[in-house]
Amino acid sequence: MISKDMATRMSNQLNMELYSAYFYLALSSRAETGSLKGISDWFMAKHFEEQAHAMKIYHYLKDQDVDIQLQAITAPPAEEMSVLQMLEATLEHEREVTKAINDLVDHALTEKDHATNIFLQWFVTEQIEEEATVGEILGRLRLFGDKPEGLLMIDNELGVMAATLAQAGAAGPSIG
Ligand SMILES: [Fe+2]
Ligand SMILES: [Fe+2]
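Only a predicted model underlies this, so the values are computations on that prediction, with no experimental measurement involved.

Definitions and cut-offs
- Residues numbered from 1 in each chain as written.
- Chains lettered and ligands numbered in written order.
- Predicted model: local features only at pLDDT ≥ 70, side-chain atom pairs only at ≥ 80, totals over all residues.
- Heavy atoms only, no water.
- Donors = N, O, S within 2.8 Å, 3.2 Å for Na, K, Ca; no water.
- Helix = DSSP H or I, 4+ residues; strand = E, 2+ residues; numbered from the N terminus.
- Buried < 20%, exposed > 50% of the residue type's maximum accessible area, 1.4 Å probe, protein only.
- Phe/Tyr/Trp six-rings, centres within 6.5 Å; stacked < 30°, edge-to-face > 60°.
- Lys NZ or Arg CZ within 6 Å of the ring centre and 35° of its normal.
- Patch = residues over 30% accessible without salt bridge, like charges linked within 9 Å, V, L, I, M, F, W, Y side chains within 5 Å.
- Areas by Shrake-Rupley, 256 points an atom, 1.4 Å probe, with all protein chains shown as cover.
- Salt bridge = Lys/Arg side-chain N within 4 Å of Asp/Glu carboxyl O.
- Tetrahedral: all angles 85-135°; square planar, octahedral: opposite > 155°, others 65-115°.

(A) A look at the coordination of the iron ion (ligand 1). Summarising the metal site, the iron ion (ligand 1) is bound by the protein donors Glu17 (OE), Glu50 (OE) and His53 (ND1), whose distances to it range over 2.1 to 2.2 Å. Read N to C, the donor residues that coordinate the iron ion (ligand 1) are spaced as E-x32-E-x2-H. In this structure, the iron ion (ligand 1) is positioned 3.4 Å from the iron ion (ligand 2), and both are ligated by Glu50. Remark: His53 and Glu50 occur in helix α2 (residues 37-63); sequence separation between them is three residues, near one turn of the helix. Owing to a relative accessible area of 3%, His53 belongs among the buried residues under this scheme.

Okay, here's the thing in C-alpha cells:
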C-alpha cells in the first residue's frame, strides 16, 4: 500500500499519460489531413505507446490497492501546426513529462517509498529514449525547414519507424 499523497500524484501522472495519448492522436489526425501518412502513422504509434504507459500506471495503482479517481482529460491544442511545429510541440511535451516523472521520483524518495521508486525507473529510462528520438527527428527536420523535399523524406522515415513499431506489437492493432 502506498501513501494517499503518492497515490494522488501517480493518478495525476496517469492522467498526463492519457493526455499524451490524446495529444498524439490529435497530431496524427492533423498529419493525415495534410496527406503525410508516415508522420500520421508515427504519431498514432506514439498514441498507443502513451496509452500503454497510462495502463502501466493504472495496473501499478491497482496492485497497490488504490481506489483510482479518474479525472477529465484536457483537450489537445486545436490550432493549425506545421510539421516542424508538431515535432517542436512533441519535444516540449516530452520534456514536461520527464520533469513530472523526476518530481514523482523525488517524492517517492522523500517518502522512502521504494516500490514506487523502482516502478518509476522504467519511466525515467523511457523518457531519455523518447526525448532522444524526437530530438533527432527534429534536428534533421530543421535542416530542411518545412520544404517539401524534407517533409517527404521525414514522412517516409517515420512511416518505416511506425511500421517497425507496429510489427513489434507496440503500436496497437490499427497500424500497418
Ligand atoms: Fe509516456
Ligand atoms: Fe512520451
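So, next bit.
(B) Structural detail: the packing of aromatic side chains. What the rule picks out here adds up to seven aromatic pairs. Look at Phe119 and Phe123: their rings are 5.5 Å apart centre to centre, the planes differ by 50 degrees, and that puts the pair in the tilted class. Placement of the pair is Phe119 and Phe123 together in helix α4 (residues 114-144), with a separation of four residues, close to one helical turn. Assessed through its relative accessible area of 17%, Phe119 is described here as buried. Judged by centre distance (5.0 Å) and plane angle (80 degrees), the rings of Trp122 and Phe123 are edge-to-face. You can call Trp122 partly exposed: its relative accessible area is 37%. Overall, the relative accessible area of 1% leaves Phe123 in the buried class. Chaining the aromatic ring pairs together yields one cluster made of Tyr19, Phe23, Tyr24, Trp42 and Phe43. Between the NZ or CZ atom of Lys56 and the centre of the ring of Trp122, over which it lies, the distance is 4.2 Å.

(C) Expanded view of a nonpolar patch on the surface. Taken together, the side chains of Tyr22, Leu25 and Ile73 define a hydrophobic patch exposed on the protein surface, amounting to about 240 Å² of accessible area. By relative accessible area, Tyr22 is classed as partly exposed at 39%.

(D) Seen up close, the environment of Val160. One can find Val160 in helix α5 (residues 148-167). The spacing of Val160 and Gly135 is 25 residues in sequence and 18 Å in space, taken between C-alpha atoms.

(E) Local environment of the coordination of the iron ion (ligand 2). With distances of 2.0 to 2.6 Å, the protein atoms coordinating the iron ion (ligand 2) are Glu50 (OE), Glu94 (OE), Glu94 (OE) and Glu130 (OE). Around the iron ion (ligand 2), the four donor atoms are arranged such that angles at the metal cover 53 to 148 degrees; this shape is classified as irregular. In primary-sequence terms, the residues that donate to the iron ion (ligand 2) follow E-x43-E-x35-E. According to the relative accessible area criterion, Glu50 is buried, its value standing at 2%. Classification of Glu94 as buried rests on a relative accessible area of 1%.

Spatial relationships are all this shows, so hold off on functional conclusions.
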